[in-house]
Amino acid sequence: GAVVSQHPSRVICKSGTSVKIECRSLDFQATTMFWYRQFPKKSLMLMATSNEGSKATYEQGVEKDKFLINHASLTLSTLTVTSAHPEDSSFYICSATGDRDYGYTFGSGTRLTVV
Amino acid sequence: AQSVTQLDSQVPVFEEAPVELRCNYSSSVSVYLFWYVQYPNQGLQLLLKYLSGSTLVKGINGFEAEFNKSQTSFHLRKPSVHISDTAEYFCAVSRGNTGKLIFGQGTTLQVKP
């Protein structure tokens, strides 16, 4: 079946630094990838839609300059949290879709802690 | 705009008992419906999905859900739960096959021995 790999699973960074999170589709070509953010004991909030070879589409209220998304190939999308602050600490999850039969496959998530 | 309401934030149940997790949605257009399960500190695993066709959808791990258009519901059921089913369950709706999912607030299923 479809597999999406997300790396790293956990990261701790200092306030003011940048962190990159990778999302890879391992056995299918993901024309579209999605980035979600999940707060503790809360639901998932869609941050942005990433299409291969074009600029990401951000949801209302999401700062595009803080959350940089790149989708350079059909199997890789990256989310970079720039100038991270403690309030950016969260669980970030990507999902990918390339074909209706695959549905929407999620990565295993990245726990970001900014200290 | 679409929205999803999961009516129960927590559902405690004893092992081997049946369970139903409720989900209602609102949308003015046709939607696709999904149930996902999330274990602590992990991503989401698809349990089942409704795209079209039969309104009774069977998924993995013995779960099933029924799409009810008139009641705009997509409740998840399992006839006999196991301790290992303890997790967070999310109902989600997608407008067509766009891939953009709107999630409910989640229901914590607590299976007790």
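Before any of the text, the structure's been laid out above.
Numbering of residues starts from 1 in every chain and runs along the sequence as written. All chains are assigned letters beginning at A, and all ligands numbers beginning at 1, according to the order in which they are written. With pLDDT at 70 or above as the cut-off, local features in this predicted model cover only qualifying residues; side-chain atom pairs require 80 or more to be listed or tallied, and sums for whole chains, interfaces and linings still use all residues. Only hydrogens and water are set aside; all other atoms, that is, all heavy atoms of the structure, feed into the side-chain values.

A. Molecular detail of the overall build of chain A. In this text, helices come from DSSP runs of H or I with a minimum length of four residues, and strands from runs of E with a minimum of two, each type numbered from the N-terminal end. In terms of helices and strands, chain A carries zero helices and eleven strands. For chain A, the N- to C-terminal ordering of α and β elements is β-β-β-β-β-β-β-β-β-β-β. Its C-alpha atoms give chain A a radius of gyration of 13 Å, near enough to 13 Å, the size a compact globule of 115 residues would have. By principal-axis analysis of the C-alpha atoms, chain A measures approximately 40 × 25 × 20 Å. Three exposure classes are used, based on accessible area relative to the maximum for each residue type with a 1.4 Å probe and protein chains only: buried under 20%, partly exposed in between, and exposed over 50%. By residue count, 50% of the 115 residues in chain A fall in the buried class. Here the globule rule is a power law, 2.2 Å times the number of residues to the power 0.38, and the radius of gyration is based on C-alpha atoms.

B. Representation of the interface of chain A and chain B in the model. Facing the 21 residues of chain A at the interface are 21 residues of chain B. Summed over both partners, the accessible area lost on bringing two parts together, with a 1.4 Å probe, is the buried area. Of the roughly 1,700 Å² buried between chain A and chain B on both sides combined, carbon and sulfur atoms contribute 52%. A carboxyl oxygen of Asp or Glu within 4 Å of a side-chain nitrogen of Lys or Arg is what we treat as a salt bridge. Between A:Glu59 and B:Lys100 there is a salt bridge, and its shortest N-O distance comes to 3.2 Å. In protein, a polar contact requires one atom able to donate a hydrogen and another able to accept it; more generally it is a pair of N or O atoms within 3.5 Å, and residues adjacent in sequence count only if both atoms are side-chain atoms. Inspection of the region where chain A meets chain B yields five residue pairs in polar contact (both at pLDDT 80 or more). Counting residues per element, the ones that place at least two in the side of chain A that touches chain B are β4 (32-38), β5 (44-51) and β9 (90-97) of chain A. Residues that form the side of chain A that touches chain B fall into these classes: nine nonpolar, six polar and six charged. In this description, contact between two residues means that some pair of their heavy atoms is separated by no more than 4.5 Å. Any residue that is not Ala, Val, Leu, Ile, Met, Phe, Trp, Tyr, Cys, Pro, Asp, Glu, Lys or Arg is counted as polar, Gly included; the first ten are nonpolar and the last four charged.

C. A look at unusual backbone geometry. Here A:His7 and A:Pro8 are connected by a cis peptide whose omega angle stands at 0°. With respect to the helices, strands and loops of the structure, A:Pro8 is situated in the loop between β1 (4-7) and β2 (10-13). Its identity as a non-glycine residue notwithstanding, B:Glu16 has a phi of 75°, on the positive side. Note that B:Glu16 resides in the loop between β2 (10-14) and β3 (19-21).

D. Layout of the environment of A:Lys66. All names here are of chain A. Along the chain, Lys-66 falls in the loop between β6 (57-58) and β7 (67-73). Lys-66 sits 31 residues away from Thr-97 along the chain, and the two C-alpha atoms are 25 Å apart. Not counting chain neighbours up to four residues away, the residues in contact with Lys-66 comprise Thr-80, Val-81, Thr-82, Ser-83, Ala-84, His-85 and Asp-88.

E. How the structure looks around the environment of B:Leu101. Here B:Leu101 lies in strand β11 (residues 101-103). Each C-alpha atom, one on B:Leu101 and one on B:Cys91, is 9.6 Å from the other, the two residues being ten residues apart in sequence. Beyond its immediate sequence surroundings of up to four residues, B:Leu101 is in contact with A:Tyr36, A:Tyr104, A:Phe106, B:Phe34, B:Tyr36, B:Ala92, B:Val93 and B:Ser94.

F. Inspection of the pairing of strand β9 (residues 73-78) of chain B at higher detail. Residues and elements named next belong to chain B. Across the six residues of β9, five count as buried, placing the element largely inside the fold. Here, a strand pair is defined by DSSP locating no fewer than two bridges between the strands. Where β3 lies against β9, three bridges are found, and the strand directions are antiparallel. If you follow Val-19 over to β9, its bridge partner there is Lys-78. Relative to β9, strand β8 (residues 64-68) runs antiparallel, the two sharing five bridges. Of the residues in β9, the one forming a bridge with Glu-66 is His-75.

G. Quick peek at the state of the cysteines. By definition, disulfides here are pairs of cysteine sulfur atoms that lie within 2.5 Å. Per the stated rule, a full pass over the model turns up two disulfides over all chains. The disulfide partner of B:Cys23 is B:Cys91, and the gap between their sulfur atoms is 2.0 Å. Judged by the torsion about the S-S bond (-65°), the B:Cys23/B:Cys91 disulfide is left-handed. A residue pair is termed long-range when its members are at least 10 positions apart, and B:Cys23 in strand β4 (residues 23-26) and B:Cys91 in strand β10 (residues 87-95) qualify at 68 residues. On the accessibility criterion, B:Cys23 (0% relative accessible area) is buried. The thiol of A:Cys13 is unpaired, and the distance to the nearest cysteine sulfur, on A:Cys94, comes to 18 Å.

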